[in-house]
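What follows is each chain in one-letter form.
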Amino acid sequence: MKKRTALMFSAGLFLIVLAVLFGLLMNGSLKSEGNIVLPQGSMQIEDTVDIAGHNQRVVREVTVRPDNVQAVVATLSRPVSYSYTAEKISYYPEGSASAISLLRVSGNMGRVDMFDTDGRIQKQLIYTQSEVYMWGKGDVAYYKGSRTSFSPEDEAGLPTYESVLSLDPNCIIDAGLTEHNGRLCIYLTSSYYDGRYTRDWYIDIDSGLLYSCDARDNGEVIWSVLCKEMVISEQDSSLFVLPNGQKLR
């Protein structure tokens, strides 16, 4: 009799344990702690990689020098989707002139809106993985060309981190890490036209993107570009529409 009672008690206890375990599983309490729960919202998650953390580890593990700076820049992680405002200032003996460009990037697609000194749209372009479309303010017709032979950033007069990677290594005369306008950056100085002109490049480590660039003629700044208001987020698909209403995405 006692043996039967013990067996019944054990069976009841086992059923209770099973019920508790089932309830925990239904509530998600026993999900593996190794699983990554992605945050909800508009922020673009780059395969759950912490871009800033990864890039900071990269620069801590190397000494950035002129002979390896391009390799280090190429190793940095970067967001897939982002936007920023780039201000380019050109300097002349009689003064200066500035122009603003708004860049929105989503994977292999992007849009550049260029404004004149009065803030009016001057030119707009959209690029896909293989093509570039460009038009002026109020235009319905547009130019279409191959992206392989056309750089949207060059059209806007804006250098990028890819510009750094395409430099002739022999033209790089200095490189290292520095704090620039409160940002930790990889910097490098390159020369062209037999050393008369130089450019100082600053790559933002937290994003892996170009933050600023200054061009100098015999040491005097002749133009500068500063990328501001950078936001890492998904870009609205309505941006990638041609002036005639054709959607590219």
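Parameters and conventions
- What you see as residue numbers is a count from 1 along each chain, following the sequence as written.
- In keeping with the model being predicted, local features are shown solely for residues with a pLDDT of at least 70 and side-chain atom pairs are shown and tallied solely at 80 or more, while totals for entire chains, interfaces and linings include all residues.
- As a rule here, side-chain values cover all heavy atoms of the structure and leave hydrogens and water aside.
- Here, a disulfide means two cysteine sulfur atoms that sit within 2.5 Å of each other.
- Only protein chains enter the accessibility calculation, which uses a 1.4 Å probe; a residue is then buried when its area is under 20% of its type maximum, exposed when over 50%, and partly exposed in between.
- A helix here means a DSSP run of H or I that spans at least four residues, while a strand means a run of E at least two residues long, and both kinds are numbered starting from the N terminus.
- Any pair of residues with heavy atoms lying within 4.5 Å of one another is described as a contacting pair.
- Think of it this way: a Phe, Tyr or Trp ring, Trp meaning its six-membered ring, pairs with another when their centres are within 6.5 Å, and the plane angle makes it stacked under 30 degrees, edge-to-face over 60, tilted otherwise.
- When the NZ atom of lysine or the CZ atom of arginine is within 6 Å of a ring's centre and also within 35 degrees of its normal, the charge is said to sit over that ring.

1. Thoughts on the state of the cysteines
Think of a disulfide as a covalent bridge from one cysteine sulfur atom to another cysteine sulfur atom.
Then, in step 1: Under the defined criterion, the tally for this structure stands at 0 disulfides.
Then, in step 2: Sulfur of cysteine 227: no disulfide; nearest cysteine sulfur belongs to cysteine 213 and is 9.4 Å away.
Then, in step 3: The exposure class of cysteine 227 is buried, given its relative accessible area of 2%.

2. Re the environment of valine 105
Then, in step 1: Mapped onto the elements, valine 105 comes out in strand 2 (residues 95-106).
Then, in step 2: For the pair valine 105 and serine 83, spaced 22 residues apart in sequence, the C-alpha separation works out to 6.1 Å.
Then, in step 3: Excluding residues that lie within four positions of it along the chain, valine 105 makes contacts with Val80, Ser81, Tyr82, Gly110, Tyr127 and Gln235.

3. A look at helix 2 (residues 51-60)
Side chains three or four residues apart in an α-helix point the same way, a direct result of the helix having 3.6 residues per turn.
Then, in step 1: Within helix 2, burial applies to Ile51, Ala52, Gly53, Asn55, Val58 and Val59.
Then, in step 2: Where helix 2 is buried, its residues touch helix 3 (69-75), strand 7 (172-180) and strand 8 (183-192).

4. Describing the packing of aromatic side chains
Then, in step 1: If you walk through the whole model with that rule in mind, you get 5 aromatic pairs.
Then, in step 2: An angle of 65° between the planes, with centres 5.7 Å apart, marks the rings of tyrosine 133 and tyrosine 142 as edge-to-face.
Then, in step 3: For the pair tyrosine 192 and tyrosine 193, a centre-to-centre distance of 5.6 Å together with 45° between the ring planes defines the contact as tilted.
Then, in step 4: Take tyrosine 193: its relative accessible area is 62%, and that puts it in the exposed class.
Then, in step 5: Three or more aromatic residues joined by ring pairs form one cluster here, namely Tyr192, Tyr193 and Tyr197.
Then, in step 6: One cation-aromatic arrangement involves arginine 78 over tyrosine 161; the distance from NZ or CZ to the ring centre is 3.6 Å.
Then, in step 7: A cation sits over an aromatic face here: lysine 88 above tryptophan 223, 4.9 Å from the ring centre.

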